[in-house]
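# A closer look at the structure
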Amino acid sequence: MSVATLDIRDLYLSFRGYVGTVEVLHGISLHIDRGERVALVGESGSGKSVTARIVLGLLQELRSAHVSGELLFEGTDLTTLSAAARHDLRGTKMSMIFQDPTSSLNPVYTIATQFHEVQKRALPTLGAAESRAMAAKMLGDVSITEPDRVLDSYPFQLSGGMNQRVMIAMALANEPSLLIADEPGTALDVTVQAQTLTLMHDLVAEHETSVLFISHNLGVVREFADRVYVIYKGRIVEKGRTQALFGNPGHPYTRALMAAVPKITGGGVADVEEASEAFAEPMVDHDRQAVA
Amino acid sequence: MNPLLSVSHVSKTFRLGNHEIRAVDDVSFDVAEGECLAIVGESGSGKSTIANMVLGIYPPSDGTLTYRGAELPARRDLSHRRAIQLVQQNPLSSLNPKRSIGASLRLPLDVHKIGAAGDRRDRIGALLEEVGLPDDFAGRSPAALSGGQRQRVAIARALACESELVVLDEPTSALDVLVQARILKLLQQLRAQRSLTYIFITHDLAVVRNIADRVAVFEKGKLVELDTPQRLFAEPSAEYTRSLISAVPVVGNDEVRLREQLAGIDHG
Amino acid sequence: MRRTIAILLQNPLSLLGVTLVTIVVLSAIFADFIVPFPDHKGAVVDFANFNKAPEWPYIFGTDLVGRDMFSRIVYAYRISLILGIVVLAIAVPIGVTVGLVAGYLGGWTEYALMRVTDVFLSVPPLVLAMSIMGVLEPTLLNGMMAVTAMWWPWYTRLVYNITRAEKEEGYVLAAEVIGASKLHVIFREILPNCVPAIITKMTLDLGFVIIIASSLSFLGLGVQPPTPDLGSMVADGAKYLPDSWWLTVFPGLAILAAVFGFNLVGDALREILGADQ
């Protein structure tokens, strides 16, 4: 069996602040196989975004953050890497797509220049002309019909959906093994969001890129991911293959989430009780159930 | 029966340098007393412009707005302000961070001279209770509240001056799904108890399906479809409505089937 | 508030600032009880002890007419602080009101008010004060007027920029939709959100007003003798450097301590109150 792209074991995170220590993650384990699309779904404050930041090595540099646990990226333990080595991984072997595409791009440089910067992370000697040719091809892959016009544009001259596609193309430019997508498309209109997700889904499948997909939106997760982890207050409460988990949600928290999502088939607004004790029940693991 | 609010051939044009942008283009619809009319559309559809004109933030360039049979003037007087209120999308921004919850709720009571000055405090307590918050929240600052609690305060403020028509501008889009369900439930209860009329502005068709009496779909400043949600979801007549419905991310198998069914309808 | 003070005292630099400011303010208030020679603030002559290097009881030495430098520096603090407080007490309300009104109302009001502000801002402060003092009599009162005239526009700029940003916040829209008056929106809704930035700037400015007042006095245009003033002391003493070094060094250090202290506290407040604009 090949090595997992990402293997997180027993990850703990706490912050020291004025009012003492705040525990954010209470031992999270998560793995992503090569080419797999895995979603981490939860509400705000559940710890999903900090998990992504730990994988990227961004939180470890904060003095107030205390991280413990194993983080294996293609077999190497990220926790033993130096800050410089982690920096080298970002943008090359690992890349990220953020929620708001327009503010993640630099407004004072053209798309072509920013593309070149990204490519130079992996190929430091790449010339402008070569870069442009490669970038144009990649923009074509994300269904941008006029790559030359887009390359010469500044981000504010493009629509949100167009910028999101540019972000996807850039994120995949260096053929990363892991793509981290934090609420991609949430800032976009629903129709544009649906299109970009389909696009991203097809591209990562084609490139065999592993994806850690962070989202609060169960519907989006259902459409995008192969496997799902549900996170609640720093603990994984349910995990399993998308069909199994959505077909038969086992944990009270997952069930509450599913019930709370308004349905296009109607049925009115669900009654949701305040945070229930049942939400603290142990994790439901659909894979283990299948074996047993 | 006369409608509560009547929007008649309303257009709005904004000037940006030498460009003219027609944000709303010859739109007409009625809002009946007691109904929840959803206005659905994506960015640039004109849905927020409609809301701002109803609220009197700016007047229409063309056409008229009629409330209870009388034309709404460009400069609203206090009685119109009192009758038509707003709940905004982002409760973090809509509550003044430097003023207590009590002070925010007191403003509409003071402006519209509701109740004797001495019993304003009791009224504020009652309002908080009505939206499911303890009355000692009056002394807290918005920063001490969660997103859902802040939105409850914003709803209480909109109801404080005994308003009749509430414009809900994406009131749950910034909230987590569990909180969203609770706020939607609260809005439904309040509508029933206070016989309110809602204009519910949103981009989320799944929410609309479950709370609206009628749905107005806007595309690029034009009203493209206006119908009950039951009919709209069973047989959308506009191509744009169908594309909106098929873009909704869904969680249930029956929802997937509905979406596929809609995608299969051929209007050609 | 308690949290603000707690954080102020945790950081070594801001603690130094708080200490300096406390010493300056307390010595200005309790000058009569601290100084060994209270009457030396006025026109006293003591030729037996003139131009003495620091020695007990004249810890900072004496000046050319035999007055205790320490006593005069402490009294000079009092004058400087009163000057600073009076200037800010007049300049801040004017500047803040103009900024709020221009920022909130917009249109022609904004245009007119902000152009006037720009004119004041384009004149170097010291030059404007000097020209006013040149026309008028160089008295303490005129000095205050001159400094005030050039100080308010800075508050207008500051508050105007904050108001323009706050105007877009939802709470302003909410108040307008409720039907609140413009007066309410400006002073009850927007103003409280400008307060942290205003307090920060006022703290920094107390230091600057002391410098400007000292500069004017140094040029002979400010506080007139025999009233003690740090700037005039430095100016008068400069002629006798380096032999009578105590005549300039101690008043100079006194200016430094006060300005440095107010700056440290101001910087710390800016960070704590999040008043970065």
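Note: the structure precedes this text.
Residues numbered from 1 in each chain as written. Chains lettered and ligands numbered in written order. Predicted model: local features only at pLDDT ≥ 70, side-chain atom pairs only at ≥ 80, totals over all residues. Heavy atoms only, no water.

## Structural notes on the interface of chain A and chain B
With 35 residues of chain A at the interface, the matching set in chain B holds 33 residues. For the pair chain A and chain B, the summed buried area comes to about 3000 Å², and 59% of that belongs to carbon and sulfur atoms. The interface formed by chain A and chain B holds two salt bridges in total. The residue glutamate 223 of chain A makes a salt bridge to arginine 259 of chain B at a minimum N-O spacing of 3.1 Å. In this assembly, chain A and chain B are joined by 14 residue pairs in polar contact (both at pLDDT 80 or more). (Contact = heavy atoms within 4.5 Å. Buried area = accessible area lost by both parts, 1.4 Å probe. Salt bridge = Lys/Arg side-chain N within 4 Å of Asp/Glu carboxyl O. Polar contact = N/O pair within 3.5 Å; in protein donor to acceptor, adjacent residues only side chain to side chain.)

## Quick look at the nonpolar core
Ranked by size, the top nonpolar core spans 92 residues in total, and within it Ile111, Phe115, Leu139, Val166 and Phe213 of chain A together with Ile155 of chain B carry the most contacts. Excluding anything up to four places from it in sequence, valine 166 of chain A contacts Leu105, Ile111, Leu139, Ile144, Val150 and Leu158 of chain A. Grouped together as the second largest cluster of nonpolar side chains are 63 residues, Ala76, Tyr77, Leu128 and Leu206 of chain C included. (Core = buried A, V, L, I, M, F, W, Y, C linked by side-chain atoms within 4.5 Å. Buried < 20%, exposed > 50% of the residue type's maximum accessible area, 1.4 Å probe, protein only.)

## Looking at the packing of aromatic side chains
Considering all chains together, one arrives at 15 aromatic pairs over all chains under this definition. Seen in terms of ring centroids, phenylalanine 60 of chain C and phenylalanine 250 of chain C are 4.2 Å apart; in terms of plane orientation they differ by 0°. Their pairing is stacked. Taken as a pair, phenylalanine 60 of chain C in the loop between α3 (31-34) and α4 (69-105) and phenylalanine 250 of chain C in helix α11 (residues 246-272) lie far apart in primary sequence, 190 residues in all. Its relative accessible area of 23% is what places phenylalanine 60 of chain C among the partly exposed residues. Take phenylalanine 250 of chain C: its relative accessible area is 15%, and that puts it in the buried class. Linked through ring pairs, Phe60, Phe70, Trp245, Trp246 and Phe250 of chain C together constitute an aromatic cluster. Sitting over the face of the ring of phenylalanine 233 of chain B, arginine 209 of chain B holds its NZ or CZ atom 5.7 Å from the ring centroid. Positioned over the ring face of tyrosine 155 of chain C is lysine 201 of chain C, at 5.4 Å from the centre of the ring. (Phe/Tyr/Trp six-rings, centres within 6.5 Å; stacked < 30°, edge-to-face > 60°. Helix = DSSP H or I, 4+ residues; strand = E, 2+ residues; numbered from the N terminus. Lys NZ or Arg CZ within 6 Å of the ring centre and 35° of its normal.)

## What to know about the sheet that holds strand β2 (residues 20-32) of chain A
Residue and element names in this part refer to chain A. Here four strands make up an open sheet; going across it, the order is β2-β1-β4-β5 and the pairing antiparallel. Of all strands in the sheet, those with a lone pairing partner are β2 and β5 (76-77), marking the two edges. Relative to strand β4 (residues 65-73), strand β1 (residues 6-17) runs antiparallel, the two being bridged by eight bridges. Looking at the pairing, leucine 13 lines up with valine 67 of β4. Sitting on the sheet, helix α1 (residues 48-55) touches β1, β2 and β4, and the angle it makes with β1 is about 110°. (Pairing = 2+ DSSP bridges. Axes fitted to C-alpha atoms, helices over the stretch in contact; angles between N-to-C directions.)

## Looking at the state of the cysteines
Residue and element names in this part refer to chain B. The final tally for this structure, using the stated rule, is zero disulfides over all chains. You can see cysteine 161 has no disulfide; the closest cysteine sulfur is in cysteine 36, sitting 19 Å from it. A relative accessible area of 0% places cysteine 161 in the buried class. (Disulfide = S-S within 2.5 Å.)

## As for the sheet that holds strand β5 (residues 70-71) of chain B
All names here are of chain B. If you walk across this open sheet you meet the four strands as β2-β1-β4-β5, and the pairing is antiparallel. This sheet does not close on itself; its edge strands, each paired only once, are β2 (19-31) and β5. Strand direction decides the pairing type here: strand β4 (residues 62-67) and β5, joined by two bridges, are antiparallel. Among the inter-strand pairings, threonine 66 is bridged to a residue of β5, identified as glutamate 71.

## Thoughts on the environment of alanine 129 of chain A
Residue and element names in this part refer to chain A. For alanine 129, the location among the structural elements is in helix α5 (residues 128-141). According to the relative accessible area criterion, alanine 129 is exposed, its value standing at 64%. Between the C-alpha atoms of alanine 129 and histidine 116, which are 13 residues apart in sequence, the distance is 9.5 Å.

## Focus: the environment of glutamate 235 of chain B
Note on placement: glutamate 235 of chain B falls in the loop between α9 (229-234) and α10 (239-247). The spatial distance from the C-alpha of glutamate 235 of chain B to the C-alpha of glutamine 261 of chain B is 10.0 Å, given a sequence separation of 26 residues.

## Overview of the pairing of strand β10 (residues 235-241) of chain A
Residues and elements named next belong to chain A. Among the seven residues in β10, five count as buried, and that is most of the element. The pairing of strand β9 (residues 227-232) with β10 spans six bridges and is antiparallel. Residue pairing across strands places valine 228 opposite glycine 240, the latter belonging to β10. Hairpin remark: β9 followed by β10, antiparallel, with two residues in the connecting loop; positive phi at lysine 233, about 50°. Here β10 pairs with strand β11 (residues 284-285) via two bridges, running parallel. Following the sheet pairing, glutamate 238 is matched in β11 by valine 284.

## Things to note about the pattern of salt bridges
According to the stated counting rule, one finds 40 salt bridges over all chains in the structure shown. Between aspartate 271 of chain A and lysine 185 of chain B there is a salt bridge, with its nearest N and O atoms 3.8 Å apart. Taken together, the residues aspartate 271 of chain A in the loop between α11 (252-260) and β11 and lysine 185 of chain B in helix α7 (residues 177-194) connect one chain to another. Take lysine 185 of chain B: its relative accessible area is 21%, and that puts it in the partly exposed class. In this structure, glutamate 189 of chain C and arginine 99 of chain B form a salt bridge, with 3.0 Å as the shortest nitrogen-oxygen distance. Of this pair, glutamate 189 of chain C sits in helix α9 (residues 182-218) while arginine 99 of chain B sits in the loop between α3 (91-94) and α4 (101-111), each in a different chain. Sharing partners across several salt bridges, the network here consists of Arg82, Asp119, Arg123 and Glu162 of chain B.

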